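Summary of the model geometry
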Amino acid sequence: MSWASERYERILDWVSKNEYENFIDDDKIDEILTKTKNPSKQDVLDVIARAKQNALSGTMLSPIDVAVLLNNTHDELWDEIFKAASYVKEEVYGNRMVLFSPLYVASPCVNNCKYCGFATSNTAHEQKILSDNELVDEINAVLDMGQKRIIAVFGEHPKSDYKFIADSVRKIYSVKKNNLSIRRVNINAAPMFEDEYQHVHKQGIGTFQIFQETYHRQTYAKYHPKNTLKGIYDWRVFGLHRALKAGLDDVAIGVLFGLYDYKFEVLGLLYHAMSLEATFGIGPHTISFPRIKKASGTQNDNMPYALSDDEFLRVIAIIRLMCPFTGLILTAREEPEIRDEAIKKCGISQMDAGTNIGIGGYHDKSKKDELNKVQFKIGDNRCIDEFVLNVMKKDKIPSFCTSCYREGRTGEHFMPFAKNAKIKYLCLPNAILTLKEYLLDYGSDEAKELGDKIIPKYLSELDENLPHVAKKVRGLIVDMENGARDCHL
Ligand code: SAM
Ligand code: SF4
């Protein structure tokens, strides 16, 4: 039996014994969306007010409330929704934008997702797995950019199975350059069995991210052929339940917008978050919302449910209101204009910067632009310094912080901070310190100049709220100017 067919059988066996309760009820979601059509202006305003209150207690909106927002037809209220999204973000997370870089380690894949350049039937695609040496070169290149947090990405294949993933994580953490190293490795890979998650977890991973792609079963079946591992909907939809059961600290959810009706998908995300919270007491650490992009061997240009830019921004703001304690990630799939707009008004808290999704693309830039060497085409090609500058110009503070993870503030220990809107008090000092470190070691003159203006501004904000912390941060900044590194609270 091949690796894939043996695994397929084991997965079917797991599904037949699955004890978790189905949390996606298509009829119920359709019914809620129908029942809340054409809400009154007052209904929408009431939900916005509730969402703002929820920010302080970390409570999610109800499915009905979210459907009211999704069904809003009062044009003048969109601005209120955007303002509320920014308010919630500021209340819970403060003014920071956490930066990370995706690192593609292996592209071969046994699955055949119809929208993906890595699909097994796409023979024009150049498959590649980084060797140990190439992985080290990649990490050195990422460290040279000033990055400390990555998400490692893998296709599903016997050559990049859970043991390979664990080995890659170990290798990544082991690379030291000028005494600096990657401080947090998150993972985006196929769902695993519990013992496999545990093996990977032992290497000290951060968040495990799995996108359901679509919560709508019929659409899921259309894009993920039945005879493939990914074709088994229940295996994937409970993938993060197994991860938490196995002891992982943080999990991340997402949908691929463009496959099905966005309103259904947003409620799918909510039911997923509710199920994780009800079962394990921990909601998702982050939510992502990739939109389908051009990819080799696909027909992604004509997706029946593609969202316009305006719809997309509104959806992000609604997700911000829906789950106030969850980080929101918007990746470089999107063009700079959309990302900038989302920074301004949608309450995004994490973005990738200086992104290159070619396998080996950080140390060999030639891999970047050829469609048959990447999973899909990205829209934002700004280098990390340009991105840092841009974030600072928008009056936000770029953060390279990984402290929560390293200080054990993850999962159940992290949620109380996020849910009581206290995380910002820990984050601001660490954001200031990690930005300072970036500027000292990697910043362009322009970035240094702007950073030197905004850091004092944020320090005086700290003076007002937490004077003793502000004093400590000032001391650490002096230490850093004298050569200290990796200073955090
Ligand atoms: N193979 C693993 C899996 O599918 O779970 C790893 C994920 S894949 C390398 C990362 C994510 O990229 C997918 O979950 C999907 O949401 C997204 N993706 C795939 N094709 C895409 C496309 N054409 N445009 C945008 N995002 C895409
Ligand atoms: Fe493979 Fe993931 Fe691409 Fe599907 S989305 S073909 S599982 S890499």
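Residues numbered from 1 in each chain as written. Chains lettered and ligands numbered in written order. Predicted model: local features only at pLDDT ≥ 70, side-chain atom pairs only at ≥ 80, totals over all residues. Heavy atoms only, no water.

To continue, consider the nonpolar core. Within soluble globular proteins, side chains that are nonpolar generally end up buried alongside one another. Membership of the largest hydrophobic core comes to 162 residues, with the highest contact counts inside it found for Ile 187, Phe 208, Tyr 215, Phe 289, Ile 348 and Ile 432. Viewed by domain, this core spans two of them, domain 1 (2-24 + 87-417) and domain 2 (420-481), each represented by three or more residues. Residues contacting Ile 187, with those up to four places away along its chain left out, are Ile 151, Ala 152, Phe 154, Ile 165, Val 169, Ile 205, Thr 207, Phe 208 and Gln 209. (Core = buried A, V, L, I, M, F, W, Y, C linked by side-chain atoms within 4.5 Å. Buried < 20%, exposed > 50% of the residue type's maximum accessible area, 1.4 Å probe, protein only. Domains from an automatic or database assignment. Contact = heavy atoms within 4.5 Å.)

By the definition in use, this model includes 35 salt bridges. With a shortest N-O distance of 3.5 Å, Glu 437 and Lys 148 are connected by a salt bridge. Of this pair, Glu 437 sits in helix H18 (residues 423-441) while Lys 148 sits in the loop between helix H6 (132-145) and strand S2 (149-154); the two residues are 289 residues apart in sequence, bridging distant segments of the chain. Among the salt bridges present, the one from Arg 339 reaches Asp 352, with a minimum N-O distance of 2.8 Å. Of this pair, Arg 339 sits in helix H14 (residues 336-345) while Asp 352 is found in strand S8 (residues 350-352), placing the two residues 13 residues apart along the sequence. On the basis of relative accessibility, which here comes to 2%, the residue Asp 352 falls in the buried class. (Salt bridge = Lys/Arg side-chain N within 4 Å of Asp/Glu carboxyl O. Helix = DSSP H or I, 4+ residues; strand = E, 2+ residues; numbered from the N terminus.)

What surrounds ligand 1 is a group of 21 residues, the closest being Tyr 115, Glu 213, Lys 230, Arg 236 and Lys 293. One of the backbone N or O atoms of Lys 293 is found 2.9 Å from a nitrogen atom in ligand 1. Relative to its unbound accessible surface of 570 Å², ligand 1 loses 96% to contact with the protein. Grouping the constituent residues of the shell around ligand 1 by class yields 11 nonpolar, 4 polar and 6 charged. (Near = heavy atom within 4 Å. Polar contact = N/O pair within 3.5 Å; in protein donor to acceptor, adjacent residues only side chain to side chain. Areas by Shrake-Rupley, 256 points an atom, 1.4 Å probe, with all protein chains shown as cover. Nonpolar A, V, L, I, M, F, W, Y, C, P; charged D, E, K, R; others polar.)

What follows covers the domain arrangement of the protein. You can read the domains of the protein as domain 1 (2-24 + 87-417) and domain 2 (420-481). Just the C-alpha atoms count here: the centres of domain 1 and domain 2 sit 28 Å apart. Taken together, the contacts link 33 residues of domain 1 with 26 residues of domain 2. Each partner contributes to the roughly 2500 Å² buried at the junction of domain 1 and domain 2, and carbon and sulfur atoms together form 62% of this total. Between the two partners, domain 1 and domain 2, sit 4 salt bridges. With its nearest N and O atoms 2.7 Å apart, the salt bridge here joins Asp 395 to Lys 457. (Buried area = accessible area lost by both parts, 1.4 Å probe.)

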